[in-house]
Amino acid sequence: MTNLKNLIVFNNLKNDEIFSNTSDKIKTAAKLIEKAENLGLSGNLFRSYLIYLMAHEPNLISETLEVTGGKIGESLYNAFQHDIEILAEILNVSDIKENFSGSEDSIDAAVKHDLKLLGVDLNFEILENYQPTIPNKIEFIVELENKLSNLNDIAQISACFIEHYKKYGYGDIAAYRAFKWNPEGNKLVGIKNFEKIRLDDLIGYANQKEMLTKNTIAFIEGKPANNVLLVGARGTGKSSGVKALVNEYYKRGLRLVQITKPQLKNLPEIMETLRKFASKRFIIFLDDLSFEENEPEYKYLKSAMEGGVESRPENVLIYATSNRRHLIHETWRDRTDAAEDLYRDDSLNETISLSDRFGLIIHYYAPTQSEYLEIIRHMLQKKNIALDDETLRIEGLRWEMSHSGRNGRTAQQFVNYYLGSKC
């Protein structure tokens, strides 16, 4: 087995439970298979697991590239190449028999029994071309493995990993598109089952999608861009549009961090965490945002967007959705009481100052009847179901009249009903 004691950048590999003790071949095989099932690894498990560790776990190269926005010194690069040369034996090898040999006679009878129950070939050839039960390998690992399979030169392999770190980063930032904030641990938590909606799935609202997309692309490219408020009728796809952006531009470094209204007080900590990932672009997402006048959380948001002592990181924007144009609730009684206010203009400015901090405000209106029916048609076609125009009109409008109005959410509910009861 390759000697890992001389590794510099990847020094942590020698402490990994797989690579630290390959003398116990049965235990190592069992752990490799466990890793394969948990991570979706396939093929040569030694190679696949090593690539996963090198790509996912933090190391001096990946951390430096992230902090500097893609720059590393010549000395650090030389140390990196030194490690790649040591690991090339595993990265390029296609047959692991010499790394994992052992006679069948040496295997304990109880282990034989358990392995037979699992259907594992006792000659360990299963580790050379393993296929997990659920092939859910991380997308960027598949891409990296495919690129490495055609490389043998140390410089090319090194360049391949550096390109990967620049594009995806490392750890959870690379593995996940979207995150939640854990205030107890002051850290980001990846959302494993993030909605897979794409921009093409959103029917209608072409102008709104164009404005949203142009602002986001400018942000990704490091150009001036605005915080965005998506406001208007319920169920019109405001939240779906933001989620679709992240799926669309994940490979260009875009990530989403969804926070709740009570977490607005944590914005300084959240932004300081995101500032460390200089090569990535983050949308802090606030869904269905609104405030009562006596709720102080909106002041944290105002300060974070503009006016705080510490500037907002260049790699962070705030996108919010709301059914209200003015995010702070105001009643007619408030306006009557304002007549007694010596500084009425000051009070009015306070209520609208938050929404004014969003440089781009995109309005969503309820769809027309034809747009509503087209949304239904598109959703059904994705399930390979086609309705004639008359049936679609009758069924769709009947559903609309018995529900909460004409919007994308109502269309989705009709499709769910149709698929569940008539297919």
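Being a predicted model, the structure only gives us computed values, none of them experimental.

Cut-offs and rules
- Residues numbered from 1 in each chain as written.
- Predicted model: local features only at pLDDT ≥ 70, side-chain atom pairs only at ≥ 80, totals over all residues.
- Heavy atoms only, no water.
- Phe/Tyr/Trp six-rings, centres within 6.5 Å; stacked < 30°, edge-to-face > 60°.
- Helix = DSSP H or I, 4+ residues; strand = E, 2+ residues; numbered from the N terminus.
- Buried < 20%, exposed > 50% of the residue type's maximum accessible area, 1.4 Å probe, protein only.
- Lys NZ or Arg CZ within 6 Å of the ring centre and 35° of its normal.
- Expected span 1.5 Å × (residues − 1).
- Polar contact = N/O pair within 3.5 Å; in protein donor to acceptor, adjacent residues only side chain to side chain.
- Axes fitted to C-alpha atoms, helices over the stretch in contact; angles between N-to-C directions.
- Left-handed = near helix turned anticlockwise from the far one by under 90°.
- Contact = heavy atoms within 4.5 Å.
- Nonpolar A, V, L, I, M, F, W, Y, C, P; charged D, E, K, R; others polar.
- Salt bridge = Lys/Arg side-chain N within 4 Å of Asp/Glu carboxyl O.

A.B. asks: Could you give an account of the packing of aromatic side chains, with specific residues and numbers?
C.D. replies: Per the stated rule, a full pass over the model turns up 13 aromatic pairs. Centre to centre, the rings of Y205 and Y364 are 5.3 Å apart; their planes meet at 40°, and the pair counts as tilted. Of the two residues, Y205 is situated in the loop between β2 (187-190) and α9 (206-220) and Y364 in strand β7 (residues 360-364); the sequence distance between them amounts to 159 residues. Accessibility expressed as a relative area gives 4% for Y364, which makes it buried. Ring centres 4.8 Å apart and planes at 25° place the aromatic pair W399 and Y417 in the stacked group. Placement of the pair is W399 in helix α16 (residues 389-401) and Y417 in helix α17 (residues 408-421), with a sequence separation of 18 residues. With relative accessibility at 15%, the residue W399 sits in the buried group. Take Y417: its relative accessible area is 34%, and that puts it in the partly exposed class. Three or more aromatic residues joined by ring pairs make a cluster, and in this case those are W399, F414, Y417 and Y418. Between R281 and the ring centre of F219, over which it is positioned, the NZ or CZ distance is 5.8 Å.

A.B. asks: Pulling in residues and values, what's your account of helix α2 (residues 45-56)?
C.D. replies: Its 12 residues place the ends of α2 16 Å apart at the C-alpha level, agreeing with the 16 Å of an ideal helix rising 1.5 Å per residue. Looking only at α2, the buried set comprises L45, F46, R47, S48, Y49, L50, I51, Y52, L53, M54, A55 and H56. N-cap assignment for α2: the residue whose side-chain oxygen lies 3.1 Å from the backbone N of F46 is N44.

A.B. asks: Please set out the packing of α16 against α17 residue by residue, giving values where relevant.
C.D. replies: Taken N-terminus to C-terminus, the directions of α16 and α17 make an angle of 115°; their axes are 10 Å apart at the nearest point. Considering how the two elements wind past one another, α16 and α17 form a crossing that is right-handed. Here α16 contributes E395, G396, W399 and E400 to the contact with α17, which in turn contributes T410, Q413, F414 and Y417. Taken together, the residues of the contact of α16 with α17 sort by class into 3 nonpolar, 3 polar and 2 charged.

A.B. asks: Help me get a handle on the pattern of salt bridges, residues and values and all.
C.D. replies: On inspection of all chains with the given rule, the structure shows 20 salt bridges. When the shortest N-O distance is used, the salt bridge between E143 and K167 registers 3.2 Å. Of this pair, E143 sits in helix α6 (residues 139-148) while K167 sits in helix α7 (residues 154-168), and the two are 24 residues apart along the sequence. Since its relative accessible area comes to 27%, K167 is described here as partly exposed. Linking E221 and K223 is a salt bridge whose minimum nitrogen-to-oxygen distance equals 3.2 Å.

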